[in-house]
Amino acid sequence: MAVRPPATAPATTAARRSPDALLGLFPPGTSTAPDGALRIGGCHVGELAARHGTPALLVDEGALRARARRYADALAVRRPGSTVAFASKAFPCTAVYRLLAEEGLGVDVASGGELALALAAGTDPARVIVHGNAKTDEFLRAAVEARVGLVVIDNFDDIDRLERLLAEPAQGPGSPSPGAADQEGRGQTSGTYRQPVLVRVTPDIRPDTHAAISTGQRDSKFGLLVPQARDAIARLRASDRLRLDGLHVHIGSQILDTEPFVRAVAAVAELGTFPVYDLGGGLGARYTYDDRPPSVEAYVDALTAAADTLLPAGARIVIEPGRSLVAEAGVSLYRVVTVKRAHGETFVAVDGGMGDNLEVSLYGQRFEATVATRPGGAADGEPCRVVGRHCESGDVLSAGVLLDDPRPGDLIAVPATGAYTYSLANNYNAARRPPVVFCRDGRSRPVVRRETYADLMRRDLP
């Protein structure tokens with residue numbers, strides 16, 4: 001299996017220093033301007049910094065749309081009638097939900113907040129899949145009232161809660177009348193809406209990834225082991241309020257090999273024949289020069305080949321890409337505040353850090369970086385440790401990156417930050433979370449504004 005390099009791994013070879021190698025980590029279509037600076041979505045980084053400030057999360061809108069279409073097309077060709085649903089915890093931003101809905105993707109949500117954002121963005125409720133290992137009554141009630149397409153059963157308490165909630169009187173003007181059928185043809189039984197559900201199966205597969213983002217092993221907090229899944233299936237088949245549509249499996253994130261995904265398909269195939277099989281997500285993104293994740297097409301090839309062999313021919317396949325869908329479209333832009341040479345190292349401190357990119361501290365994820373106006377590093381560029389401004393020694397964005405004579409005031413660009421940086425952003429040291437800026441065809445527009453100090457106090461009570 002492929003092994004992800006540690007966060008402290010230096011980039012030292014000549015190939016890694018080249019501008020061409022570096023551009024390969026940025027959104028497809030990234031180029032350099034005549035003055036040598038990076039252009040993201042056709043927008044000059046200097047102009048972006050002047051207009052929107054730093055730190056800022058830049059999103060190449062065209063690259064994100066192209067990636068969504070690549071996933072949708074790959075699955076449609078190989079398994080017609082199947083569904084791509086965005087694993088939205090990777091980037092739960094209203095503008096991203098809206099963009100992916102426009103591209104025809106469904107969405108999976110794991111909280112009431114994600115559900116509210118998805119619906120506000122115009123996502124069709126019938127294309128929403130609800131996840132979570134600890135779904136509250138409030139979350140499930142919102143999901144049922146919205147008539148979401150699928151709720152994934154993670155435990156027996158989910159069944160208890162859903163059956164109880166569905167026994168309550170219909171709430172709200174949008175609720176269907178008893179005996180009505182919704183747009184998907186899901187009829188009512190004894191005057192009660194039957195919520196379509198999937199059972200999440202834990203296949204006892206531990207992929208090669210960080211322990212914090214591995215979810216398919218025996219001791220995972222998610223899902224039901226095969227014997228428990230059989231019990232849940234039997235109970236759901238007897239329910240007059242829940243309709244069992246099929247099975248779900250998801251074994252983790254940032255997985256750089258297709259073999260564990262194939263084993264997961266084999267595991268759910270043993271549980272019987274169903275109309276829907278949700279095979280989850282988990283394909284890794286390319287963060288570093290050394291990362292070589294399978295292509296979208298190779299990943300979908302592996303899943304659909306296994307499905308063609310092991311699952312019913314007419315079954316609908318669902319896949320849930322998250323990280324691999326949005327990571328490459330994002331770029332974090334910072335400004336250098338301080339350069340300090342000490343202890344045999346060069347510390348390049350920027351105006352962001354673990355408040356806007358927690359993945360390094362949380363998962364040990366490796367990111368590359370470059371001076372945005374002199375990308376690629378010089379042949380004699382010095383190895384640097386790019387650090388943040390937070391009061392924490394672990395506030396490191398990237399270690400061992402080659403930077404070309406970094407100086408205070410320089411712009412630093414960190415590629416592949418479209419996944420989880422926004423969702424994990426925080427107010428450590430009362431930092432203001434950065435804006436999200438969409439870039440396309442040389443034009444930029446903020447879709448999330450920078451927080452203000454007033455925002456930090458908005459929830460305070462006298």
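Scroll up a little and you will see the structure.
Quick look at the structure, then. (Residues numbered from 1 in each chain as written. Predicted model: local features only at pLDDT ≥ 70, side-chain atom pairs only at ≥ 80, totals over all residues. Heavy atoms only, no water.)

Thoughts on the overall build of the chain
- When helices and strands are counted, the chain shows 15 helices and 23 strands.
- Taken along its principal axes, the extent of the C-alpha atoms in the chain is 75 × 55 × 40 Å.
- Taking all 462 residues of the chain together, 55% fall into the buried category.
- Relative to all contacts within the chain whose residues are 6 or more apart in sequence, the contacts with residues 24 or more apart total 72%.
- Accessible area for the chain stands at about 18,400 Å²; split by element, carbon and sulfur atoms hold 51% of it.
- Looking at charge distribution, the chain has the averaged site of its 52 positive side-chain charges lying 2 Å from that of its 55 negative ones. (Helix = DSSP H or I, 4+ residues; strand = E, 2+ residues; numbered from the N terminus. Buried < 20%, exposed > 50% of the residue type's maximum accessible area, 1.4 Å probe, protein only. Contact = heavy atoms within 4.5 Å. Areas by Shrake-Rupley, 256 points an atom, 1.4 Å probe, with all protein chains shown as cover. Lys, Arg positive; Asp, Glu negative; His and termini not counted. Charge placed at Lys NZ, Arg CZ, Asp CG, Glu CD.)

A word on the pattern of salt bridges
- Scanning the model with the defined rule gives 29 salt bridges in all.
- Arg67 is the salt-bridge partner of Glu328, the closest N and O atoms lying 3.9 Å from each other. Of this pair, Glu328 sits in the loop between α12 (323-326) and β16 (330-342) while Arg67 is found in helix α4 (residues 61-78), placing the two residues 261 residues apart along the sequence.
- Residue Glu328 is classed as partly exposed on the basis of its relative accessible area of 24%.
- Its salt-bridge partner being Arg366, residue Glu368 comes within 3.1 Å of it at the nearest N-O pair.
- Classification of Arg366 by relative accessible area gives buried; the value is 2%.
- Among the charged side chains, a salt-bridge network with shared partners connects Glu61, Arg65, Arg69, Glu102, Glu103, Arg440, Asp441 and Arg445. (Salt bridge = Lys/Arg side-chain N within 4 Å of Asp/Glu carboxyl O.)

As for the nonpolar core
- Counting residues in each nonpolar core, the largest one holds 98 residues, and the members touching the most others are Phe86, Phe91, Val109, Val199, Leu247, Tyr277 and Ile412.
- The dominant element in this core, judged by the number of residues it contributes, is helix α11 (residues 296-310), at 6 residues.
- With sequence-adjacent residues up to four places away left out, Val109 is seen in contact with Ser88, Tyr97, Glu114, Leu115, Ala118, Val128, Ile129, Val130, His131 and Phe139.
- Core analysis: the second largest hydrophobic core is formed by 20 residues, Leu38, Ile40, Leu333 and Leu411 among them. (Core = buried A, V, L, I, M, F, W, Y, C linked by side-chain atoms within 4.5 Å.)

Any link to function would need more than the numbers given here.
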